[in-house]
Amino acid sequence: AAAAAAAAPPARSKRASAQDPESARCKLDWMMMHCFNLLHAYFVPMHEMADDAGRLELFRALLAEFGRTVLPTHQSKHVQYLLFYATKFSKDQDLNMVFLQYLLEKTLNPAEAPVMRRASAAYIASFMARAVHLSLYLVQTCLEQLVEWLNEYIRLHQLDSLSLSRHLMFYSVCQCVFYTVCFRGASICEHEGGQQFLTSLSFGHIISCRLAPLMMVQSAVAQEFSKVCKRYSIAYCMPCMRQKASVMPLVRMAGDRDEQGLTVDEEALQDFFPFDPYKLPLSAVYVNDLYVQWQDRNVSSGSGGGDDSEEEDSASEAGGGQHSGPASLDDSNDFLRSESISFMSPSDSCPPTMTPDQHDFLGHGKKVGWY
């Protein structure tokens with residue numbers, strides 16, 4: 001009920017909302033604060049009293065509402081953080097497992113609507129990348145299942161040619177895996193056996209298949225993934241990145257069409273990552289400590305920097321100038337960079353103007369919508 005209340009826009013005309021967006025955002029911030037307070041009031045006593053049955057029941061109720069109202073919502077920006085906050089109260093990762101299993105079942109189930117499958121893949125990627133309280137063991141387990149699905153898909157379609165519309169789900173899952181490795185690859189490799197684990201996933205087989213996923217996923221994700229793979233000797237991606245520069249213009253000119261005859265282009269894979277930086281200043285206090293901030297570990301130093309620079313130039317060229325990639329991180333802390341956002345003028349009733357400290361390497365979060 002709390003999620004539904006926060007998801008509903010304020011009872012005012014569209015014209016009034018358009019004329020006063022700062023006031024609308026202020027109201028949304030206070031509504032999110034109220035919802036977070038409610039969740040805190042329910043979950044904390046259950047957690048402290050070891051009421052595991054009640055805790056799981058409440059979380060499953062939230063998850064059901066999430067599936068009905070939030071997951072189908074295009075580019076929901078804030079309400080999903082209520083569920084993100086609830087997973088904080090996991091005991092032995094139980095709530096995290098329930099959430100990821102729910103999303104995996106939707107992503108890998110061919111009977112689900114394609115839009116729901118793609119949205120679920122985006123939630124998997126963003127949750128695994130951003131949740132501080134998620135164990136690396138669960139990240140690795142989820143990656144294994146996704147990569148297993150990718151390898152089976154490649155086996156079944158090994159003779160197919162490039163087609164974004166026909167293989168859109170494949171590219172969505174690839175982007176999910178690559179994005180997770182961008183954020184979690186370093187942490188996994190720093191643990192014993194982590195590098196061997198990522199190597200065992202055989203990313204080289206995936207990126208070199210005829211479907212060429214590095215050509216289709218977002219350029220910033222492809223560039224950062226290739227850097228992580230090179231840094232930890234997981235796979236060598238630069239030949240695919242260079243090929244992207246020559247092939248993608250031809251794909252765009254071809255005007256790929258989906259089953260309904262609608263044109264499909266690179267924008268089809270501009271899936272938002274739903275746990276990108278939280279932009280409401282007051283209610284952000286509930287999620288700031290639960291959130292993995294982007295740390296660039298690929299800045300070259302000392303000798304050997306020349307090769308890295310050369311590869312970054314090639315990767316940027318392969319991106320075709322379509323996205324703001326991580327080639328220049330001097331003034332940014334996140335490879336999905338976003339612009340500074342001024343929310344509202346200071347007043348007694350509204351939060352003060354906020355300029356985010358952290359930025360996002362795909363440029364998400366530039367606009368703050370109702371949700």
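Note that the structure is predicted; figures quoted are calculated from it, not measured. (Residues numbered from 1 in each chain as written. Predicted model: local features only at pLDDT ≥ 70, side-chain atom pairs only at ≥ 80, totals over all residues. Heavy atoms only, no water.)

A few points about the overall build of the protein
- When helices and strands are tallied, the protein shows 15 helices and zero strands.
- The proportion of buried residues among the 371 residues of the protein is 54%.
- In the protein, once contacts between residues fewer than 6 apart in sequence are set aside, the share between residues at least 24 apart is 77%.
- Total accessible area on the protein is roughly 16900 Å²; 51% of this is exposed by carbon and sulfur atoms. (Helix = DSSP H or I, 4+ residues; strand = E, 2+ residues; numbered from the N terminus. Buried < 20%, exposed > 50% of the residue type's maximum accessible area, 1.4 Å probe, protein only. Contact = heavy atoms within 4.5 Å. Areas by Shrake-Rupley, 256 points an atom, 1.4 Å probe, with all protein chains shown as cover.)

Notes on the pattern of salt bridges
- Here the structure, examined in full by the defined rule, presents eight salt bridges.
- Note that Arg55 and Asp52 form a salt bridge whose closest N and O atoms lie 3.0 Å from each other. Of this pair, Arg55 and Asp52 are both found in helix α4 (residues 52-70), three residues apart, which corresponds to roughly one turn of the helix.
- Members of the salt-bridge network, linked through shared partners, are Asp52, Arg55, Lys91 and Asp94. (Salt bridge = Lys/Arg side-chain N within 4 Å of Asp/Glu carboxyl O.)

Notes on the nonpolar core
- Counting 100 residues, the largest nonpolar core has Phe170, Phe203 and Phe225 as the members making the most contacts within it.
- If one sorts the elements of this core by residue count, helix α9 (residues 168-189) sits on top with 16 residues. (Core = buried A, V, L, I, M, F, W, Y, C linked by side-chain atoms within 4.5 Å.)

As for the packing of aromatic side chains
- All told, the structure shown has 26 aromatic pairs when counted by the stated rule.
- Aromatic pair Tyr85 and Tyr286: ring centres 5.5 Å apart, planes at 90°, arrangement edge-to-face. Here Tyr286 lies in the loop between α14 (238-254) and α15 (305-318) and Tyr85 lies in helix α5 (residues 81-86), a separation of 201 residues in the sequence. Tyr286 carries the same exposure label as Tyr85, and that label is buried.
- Each ring, one from Tyr123 and one from Phe275, has its centre 5.7 Å from the other, and the planes form 80°; the classification is edge-to-face. A residue pair is termed long-range when its members are at least 10 positions apart, and Tyr123 in helix α7 (residues 114-130) and Phe275 in the loop between α14 and α15 qualify at 152 residues. Here Tyr123 matches Phe275 in class, with each residue buried. (Phe/Tyr/Trp six-rings, centres within 6.5 Å; stacked < 30°, edge-to-face > 60°.)

Overview of the confidence of the model for the protein
- With 66% of its residues at a pLDDT of 70 or more, the protein has an overall mean of 77.
- Here residues 300-311 scores under 50 on pLDDT; set against residues more than four positions off or in separate chains, the count is six contacts.
- Confidence drops under a pLDDT of 50 for residues 313-333, and excluding neighbours within four residues, the segment shows 49 contacts in the predicted structure. (pLDDT = per-residue confidence, 0-100.)

Points about the side chain of Arg55
- Judged by relative accessible area, Arg55 falls into the buried class, the value being 0%.
- Setting aside its immediate chain neighbours within four residues, Arg55 contacts Phe43, Met46, His47, Phe89, Ser90, Lys91, Asp94 and Leu95.

Looking at unusual backbone geometry
- The phi dihedral of Asp92 falls on the positive side, at around 55°, and the residue is not glycine.
- Looking at the element boundaries, Asp92 is found in the loop between α5 and α6 (94-108).
- For Asp92, a relative accessible area of 68% corresponds to the exposed category.
- Positive phi outside glycine occurs at Ser202, with the angle close to 55°.
- Its place among the elements puts Ser202 in the loop between α10 (194-200) and α11 (203-207).
- Looking at Ser202, the relative accessible area reads 37%, which means it is partly exposed.

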